[in-house]
Amino acid sequence: MKTEDSVSVLSALESEVVALFVRVADLLNLPRSVGELYGILFMAESPMCLDDLRIKLNISKGSTSQGLKILRSFGAIRVVYVPGDRKDFYVAESSLRKIASGFANEQIQPHLESGSDRLERIQDLLNEEADVSGMLHERVERLENWQKRANQVLPVVLKLIGGKG
């Protein structure tokens, strides 16, 4: 029987999967706990609650809570009902399309939108300046091209990812 403070040891398989998702989280500039939590939930045979996850990974309640919130925000995990228990239980979403789409909507799209707003301000400032070189006009035009391409490429990338699973 486990006590509240006992630490669960990850199997070699769990450790490798967690390490894989920690690396993905790092590449996406997300906290380590996000990768750890997703890795454990991805491998879990049944839903897990916050305390189960915290104990299994030996991380703080705050890190666990924050990581779960981030994962929920882009649809990488979902809450499921466990009869007879009032806690929230979580399962990993295994559809790459859903995860990528959620991540894009939560993390990438807002940056693209704010980039468009910033480019409008840059263009306004450029137009207000009396003595601006052609090179600066060219550079701003290049930024606008990059922005346009990013807005065109994102849906295509999501469509490519969206095949099966």
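Before any of the text, the structure's been laid out above.
The text that follows walks through the structure, step by step, so that each part is easy to find. None of the values given here were measured: they were computed from a predicted structure.

On the surface, a cluster of negative charge is made up of Glu-113, Asp-117, Glu-120, Asp-124, Glu-128, Glu-129 and Asp-131. Among the residues examined, Asp-124 registers a relative accessible area of 46% and is labelled partly exposed.

Looking now at the environment of Leu-30. When you line up the elements, Leu-30 lands in the loop between α1 (12–27) and α2 (32–43). Under the relative-accessibility criterion, Leu-30 is labelled buried at 14%. The sequence separation of Leu-30 and Lys-98 amounts to 68 residues, and the corresponding C-alpha distance is 18 Å. Filtering out sequence-adjacent residues up to four positions away, Leu-30 remains in contact with Ala-25, Ile-70, Phe-74 and Phe-103.

The next point concerns the nonpolar core. Judged by nonpolar contacts, the single largest core of 26 residues is most densely connected at Tyr-38, Leu-41, Leu-53, Leu-68 and Leu-71. When near neighbours in sequence (up to four residues on either side) are disregarded, Leu-53 contacts Leu-37, Ile-40, Leu-41, Met-48, Thr-64, Leu-68 and Tyr-90.

Overall, the coordinates contain four aromatic pairs when judged by the stated rule. With centroids separated by 5.4 Å and ring planes inclined at 55°, the aromatic side chains of Phe-21 and Phe-42 adopt a geometry described as tilted. One end of the pair, Phe-21, is in helix α1; the other, Phe-42, is in helix α2, with 21 residues separating them in the sequence. Accessibility expressed as a relative area gives 38% for Phe-42, which makes it partly exposed. Aromatic side chains Phe-74 and Phe-103 sit 5.3 Å apart centroid to centroid with 90° between the ring planes, which places their arrangement in the edge-to-face category. Note that Phe-74 is positioned in the loop between α4 (61–73) and β2 (77–80) and Phe-103 in helix α5 (residues 96–128), a separation of 29 residues in sequence. Considered together, Phe-74 and Phe-103 belong to a single accessibility category, that of buried residues. An aromatic cluster of at least three residues, connected via ring pairs, comprises Phe-21, Tyr-38 and Phe-42.

A separate point is the sheet that holds β2. What the three strands build is an open sheet, ordered β1-β3-β2; its pairing is antiparallel. Across the chains shown, the open sheet's two edge strands, defined by having one partner strand only, are β1 (48–49) and β2. Each of β1, β2 and β3 (89–92) touches α2; the most contacted strand, β3, lies at about 85° to it.

This part takes up the pattern of salt bridges. Under the definition given, this model contains five salt bridges. Between Asp-26 and Arg-23 there is a salt bridge whose closest N-O contact spans 3.2 Å. Of this pair, Asp-26 and Arg-23 both sit in helix α1, three residues apart, which is roughly one turn of the helix. On the basis of relative accessibility, which here comes to 47%, the residue Arg-23 falls in the partly exposed class. In this structure, Arg-32 engages Glu-36 in a salt bridge whose closest nitrogen and oxygen atoms are separated by 3.1 Å. Linking Arg-32 with Glu-36, this pair stays in helix α2, spanning four residues, or about one helical turn. When its relative accessible area of 55% is taken as the criterion, Arg-32 is described as exposed. On the basis of relative accessible area, Glu-36 is assigned to the buried category, the value being 10%.

Two numbers describe a pair of packed helices, the interaxial angle and the distance between the axes. For the pair α2 and α4, interaxial distance at closest approach is 8 Å and the crossing angle is 75°. As judged from the angle between their axes, α2 and α4 are roughly perpendicular. Contacts from Ser-33, Val-34, Leu-37, Tyr-38 and Leu-41 of α2 reach α4 at Ser-63, Thr-64, Gly-67, Leu-68, Ile-70 and Leu-71. When the residues that make up the contact of α2 with α4 are grouped by side-chain class, the tally is seven nonpolar, four polar and no charged.

Rules and cut-offs
- Residues numbered from 1 in each chain as written.
- Predicted model: local features only at pLDDT ≥ 70, side-chain atom pairs only at ≥ 80, totals over all residues.
- Heavy atoms only, no water.
- Patch = residues over 30% accessible without salt bridge, like charges linked within 9 Å, V, L, I, M, F, W, Y side chains within 5 Å.
- Areas by Shrake-Rupley, 256 points an atom, 1.4 Å probe, with all protein chains shown as cover.
- Salt bridge = Lys/Arg side-chain N within 4 Å of Asp/Glu carboxyl O.
- Lys, Arg positive; Asp, Glu negative; His and termini not counted.
- Charge placed at Lys NZ, Arg CZ, Asp CG, Glu CD.
- Buried < 20%, exposed > 50% of the residue type's maximum accessible area, 1.4 Å probe, protein only.
- Helix = DSSP H or I, 4+ residues; strand = E, 2+ residues; numbered from the N terminus.
- Contact = heavy atoms within 4.5 Å.
- Core = buried A, V, L, I, M, F, W, Y, C linked by side-chain atoms within 4.5 Å.
- Phe/Tyr/Trp six-rings, centres within 6.5 Å; stacked < 30°, edge-to-face > 60°.
- Pairing = 2+ DSSP bridges.
- Axes fitted to C-alpha atoms, helices over the stretch in contact; angles between N-to-C directions.
- Parallel < 35°, antiparallel > 145°, perpendicular 65-115°, else oblique.
- Nonpolar A, V, L, I, M, F, W, Y, C, P; charged D, E, K, R; others polar.

Note that every value here comes from positions in space, so none of it alone points to a role or purpose.
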